[in-house]
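Chains, contacts and geometry: an overview
Here are the chains, one letter per residue:
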Amino acid sequence: MIAAMGVSLTSYAQMSDKEMKKAVTEARKIVKEAKKNIESETGNAFQAKKLIDGAMQNDLLKDWDQTWMTAAEIYSSIFKTEYNKSVMLGQRFDTLGMYTNLCKWIDFSIVADSLQQIPDAKGKTKSDVRKNFVQGIVTYSDNLFIGGVTYLQNNDFKNAFKLFDKYMSLENQEIFKDAMAQEANFTENHSRNAFYTAYSAYSNDDWNNCLKYAQMVDDEKNEETAMLFICTSYAGIGDTVKWIESLKDGIVKFPTNTSFYDQLLGYYSGKNDNTALESFATEMIASNPDKATNYYILGFLAQQGKDYDKAIEQYNIALEKDETFTMAYDNICLCYMMKAADLENANTKVDPRSAAGKKLQAQVDDMVKQTIPYYEKWRTVKPDEVAKWGNGLYGVYYRLRMTKEFNEIEKLLQDNGLM
């Protein structure tokens, strides 16, 4: 194509005005030829694409709005051909090509419009792109979402994000913003669209974009998961301060989701910052006194400090608030076992055959025995967690020489393939 113009790109600077004008005229013939190829009934779409792809790289043509308008028209036509195959004719079509061409139609329209919005010598601008392409693009725009879902179903998160992001970005483009604001399918599903975009970014470890779109989600169905995306994004970015703040936000907004608590608990535990965690749990109790996890945290902190009685007290409060909070059962039993172990370790010199030794053993057995009601309650509220409460009871019954109960729990564990 350059050869046909009779000039090399490096020679523009040495041209006279007359030579430059001639070169521009010849170059523009390429664009017109491309347009002719796509508009005529016998036109060749492949040839039109080849011509316009070269024209867009030409320094003489890249600032001419007609170059980009023609490119938009050509890629619009190619897109619609594949779209009609897929939707109207039920024929095989180029999936990747169809969505790529739709994106190019959008991109080239934006470039053409940006050139048309530059005032000419008389201070006038043009609106050809807005008249000819905007409504068509908006009409077909939901195909970007459909394409994104198609890629998601194939776990192609990178291409899914590209299409979702392109769809969402239309509302921020000056050329499309008014039309998109009137597009019911887009506005009514805005939160859903943002969620899918955030999800595809999340699945690709693209934390900045995940955060951007997760913050747009406000529908009841998806906002809880979006909050988890926000927390994970801050963690992925490395912004610990905002990560902690977002976890606390998650706890307040979604008190039944333990993931926010678990992450916060893990952070403070790893930092050995019990004071901050205890302060937070106390604040949460003040704002939400019926939340079992708040009392669990206080119990956990007391347990870490080996204040087992205080820990048991807090765990019991947690169970009063929610009897299915099984971690509290587990830790109460552990606290009683630790108390029994501490008592034994503090009296290692006592002869077990003596009266003092027998008294000590009775005290130890009594502490161990106090776990039974908790294991049994756990068994009642969560029968499917047999591996946990079952093994606990197995050890207690064996230690206390409760033969009948031991045999029963042993058979239960065997029947469940746990022995």
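The model shown is predicted, which means the values in this text are computed figures rather than measured ones.

Here's the deal with helix H17 (residues 274-287)
With 14 residues, H17 should cover 20 Å at 1.5 Å per step; its first-to-last C-alpha distance of 20 Å lies within 8% of that length. Within H17, the full set of buried residues consists of Leu277, Phe280, Ala281, Met284 and Ile285. Taken down its axis, H17 places every buried residue within 140 degrees of arc, on the same side. Every exposed residue of H17 that faces more than 90 degrees away from the buried side is listed here: Thr275, Glu283, Ala286 and Ser287. Tucked into the core, H17 has its buried residues touching helix H15 (240-253), helix H16 (258-271) and helix H18 (292-304).

Overview of the environment of glutamine 47
Within the secondary structure layout, glutamine 47 lies in helix H3 (residues 45-55). Taking the C-alpha atoms as reference, glutamine 47 lies 48 Å from glutamate 223; in sequence the two are 176 residues apart.

Regarding empty space enclosed by the protein
With the rule as written, the count across this model stands at 1 cavity of 30 Å³ or more. Here the largest cavity is characterised by a volume of approximately 30 Å³. Among the elements of the structure, H16 and H18 are those that each provide at least two residues to the lining of the largest cavity. Here the residues of the lining of the largest cavity sort into 6 nonpolar, 1 polar and 1 charged.

Digging into the confidence of the model for the protein
Chain-level statistics for the protein give a pLDDT mean of 89 and a share of 93% at 70 or above. Within the protein, the lowest mean pLDDT, 42, falls on helix H1 (residues 2-5), and the highest, 98, falls on helix H13 (residues 207-214). This stretch, residues 1-10, has a pLDDT under 50; its non-local contacts, to residues over four places away or in other chains, come to 16 contacts.

So, the pattern of salt bridges
A full pass over the atoms with the stated rule returns 18 salt bridges. Here lysine 411 ties to aspartate 415 by a salt bridge, and the two come within 3.0 Å at their closest N and O atoms. Taken together, the residues span about one helical turn, with lysine 411 and aspartate 415 both in helix H24 (residues 403-415) at a distance of 4 residues.

Looking at the packing of aromatic side chains
On inspection of all chains with the given rule, the structure shows 30 aromatic pairs. Ring centres of tyrosine 83 and tyrosine 140 lie 5.2 Å apart, and the angle between their planes is 85 degrees; this geometry places the pair in the edge-to-face category. Residue tyrosine 83 is found in helix H4 (residues 65-87), and its partner tyrosine 140 is found in helix H7 (residues 134-140); the two are separated by 57 residues along the sequence. Each member of the pair, tyrosine 83 as well as tyrosine 140, is classed as buried. With a centroid separation of 5.8 Å and an interplanar angle of 75 degrees, the aromatic rings of tyrosine 202 and tryptophan 207 are classed as edge-to-face. Here tyrosine 202 falls in the partly exposed class, since its relative accessible area comes to 30%. One aromatic cluster is present, built from ring pairs that chain together Phe145, Phe157, Phe164, Tyr167, Phe186, Phe195, Tyr196, Tyr199, Tyr202, Trp207 and Phe229.

Some points on unusual backbone geometry
Phi is mostly negative for residues that are not glycine, and the peptide bonds are mostly trans. The phi angle at asparagine 155 is positive, at roughly 60 degrees, despite the residue not being glycine. Secondary-structure assignment places asparagine 155 in the loop between helix H8 (142-153) and helix H9 (157-169). The phi dihedral of lysine 306 is positive, around 60 degrees, even though this residue is not glycine. Examined against the element boundaries, lysine 306 turns out to sit in the loop between H18 and helix H19 (308-321). Classification of lysine 306 by relative accessible area gives exposed; the value is 61%.

Concerning the side chain of threonine 70
Mapping threonine 70 onto the fold places it in helix H4. What makes threonine 70 buried here is its relative accessible area of 2%. Discounting residues that sit within four places of it in the chain, threonine 70 has contacts with Val31, Ala34, Lys35 and Ile52.

Re the environment of aspartate 415
With relative accessibility at 54%, the residue aspartate 415 sits in the exposed group. Once the C-alpha coordinates of aspartate 415 and alanine 226 are considered, the two residues, 189 residues apart in sequence, prove to be 42 Å apart.

Considering the packing of helix H14 (residues 223-237) against H15
Where H14 contacts H15, the axes come no closer than 8 Å and their chain directions differ by 165 degrees. Our classification of the angle between H14 and H15 gives roughly antiparallel. The way H14 lies across H15 gives a crossing that is left-handed. Facing Met227, Ile230, Cys231, Tyr234 and Ala235 of H14, the residues of H15 in contact are Lys242, Trp243, Ser246, Leu247, Asp249, Gly250 and Lys253.

About the criteria used
Residues numbered from 1 in each chain as written. Predicted model: local features only at pLDDT ≥ 70, side-chain atom pairs only at ≥ 80, totals over all residues. Heavy atoms only, no water. Helix = DSSP H or I, 4+ residues; strand = E, 2+ residues; numbered from the N terminus. Expected span 1.5 Å × (residues − 1). Buried < 20%, exposed > 50% of the residue type's maximum accessible area, 1.4 Å probe, protein only. Arc of directions from axis to C-beta. Contact = heavy atoms within 4.5 Å. 1 Å grid on protein atoms, 1.4 Å probe; cavity = no way out; pocket = protein on both sides within 12 Å on 5 of 7 lines; lining within 4 Å. Points joined across faces, edges and corners; volume = space filled by probe spheres on them. Nonpolar A, V, L, I, M, F, W, Y, C, P; charged D, E, K, R; others polar. pLDDT = per-residue confidence, 0-100. Salt bridge = Lys/Arg side-chain N within 4 Å of Asp/Glu carboxyl O. Phe/Tyr/Trp six-rings, centres within 6.5 Å; stacked < 30°, edge-to-face > 60°. Axes fitted to C-alpha atoms, helices over the stretch in contact; angles between N-to-C directions. Parallel < 35°, antiparallel > 145°, perpendicular 65-115°, else oblique. Left-handed = near helix turned anticlockwise from the far one by under 90°.

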